[in-house]
Each structure stands twice: as structure tokens, then as C-alpha cells.
Amino acid sequence: MYMDAVVIAGIVTVLLILGFFVGVGVFVMKDQKAHGPGSTKKGKHTGKTV
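Okay, so let's go over this structure.

Procedures and definitions
Residues numbered from 1 in each chain as written. Predicted model: local features only at pLDDT ≥ 70, side-chain atom pairs only at ≥ 80, totals over all residues. Heavy atoms only, no water. Helix = DSSP H or I, 4+ residues; strand = E, 2+ residues; numbered from the N terminus. Areas by Shrake-Rupley, 256 points an atom, 1.4 Å probe, with all protein chains shown as cover. Phe/Tyr/Trp six-rings, centres within 6.5 Å; stacked < 30°, edge-to-face > 60°. Buried < 20%, exposed > 50% of the residue type's maximum accessible area, 1.4 Å probe, protein only.

**Comments concerning the overall build of the protein**
The secondary structure content of the protein amounts to 1 helix and 0 strands. For the protein, the exposed surface amounts to about 5100 Å²; the carbon and sulfur share of it is 71%.

Here you go:
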């Protein structure tokens, strides 16, 4: 396979995008463990409509 600069840039771009989404997923999972379903905000807003 001929490795042109454009091919290398495309592969690097795809790897960076995948790394970004994996990082976001790890952040969400850690944040979900820290602020799980048992911890709720205490405030006036209940999410119910009138």
C-alpha cells in the first residue's frame, strides 16, 4: 500500500477522533460513579410539569 502524506494524516485524524470519544466515555463513566443515582440535587426544581 502506498503511504502518502494524505493517507497518514487521515489515519492520524481517525485515531485522534477515536481517542477523543474514548476519553469522553471514560470521563462520563467516572463522573457517573462519583455522582451516581443515589446523589440527587437538593433544590426547588423537581422536573415535574404542572
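**Section: the packing of aromatic side chains**
Given two aromatic rings, one states the distance between the centres and the angle between the planes to describe the pair. Inspection of every chain in the model, using the stated rule, returns 1 aromatic pair. Taken together, a centroid distance of 5.5 Å and an interplanar angle of 70 degrees make the contact between Phe20 and Phe21 edge-to-face. A residue is classified by how much of its surface remains accessible, and Phe20, at 53% relative accessible area, is exposed. We classify Phe21 as exposed; its relative accessible area is 56%.

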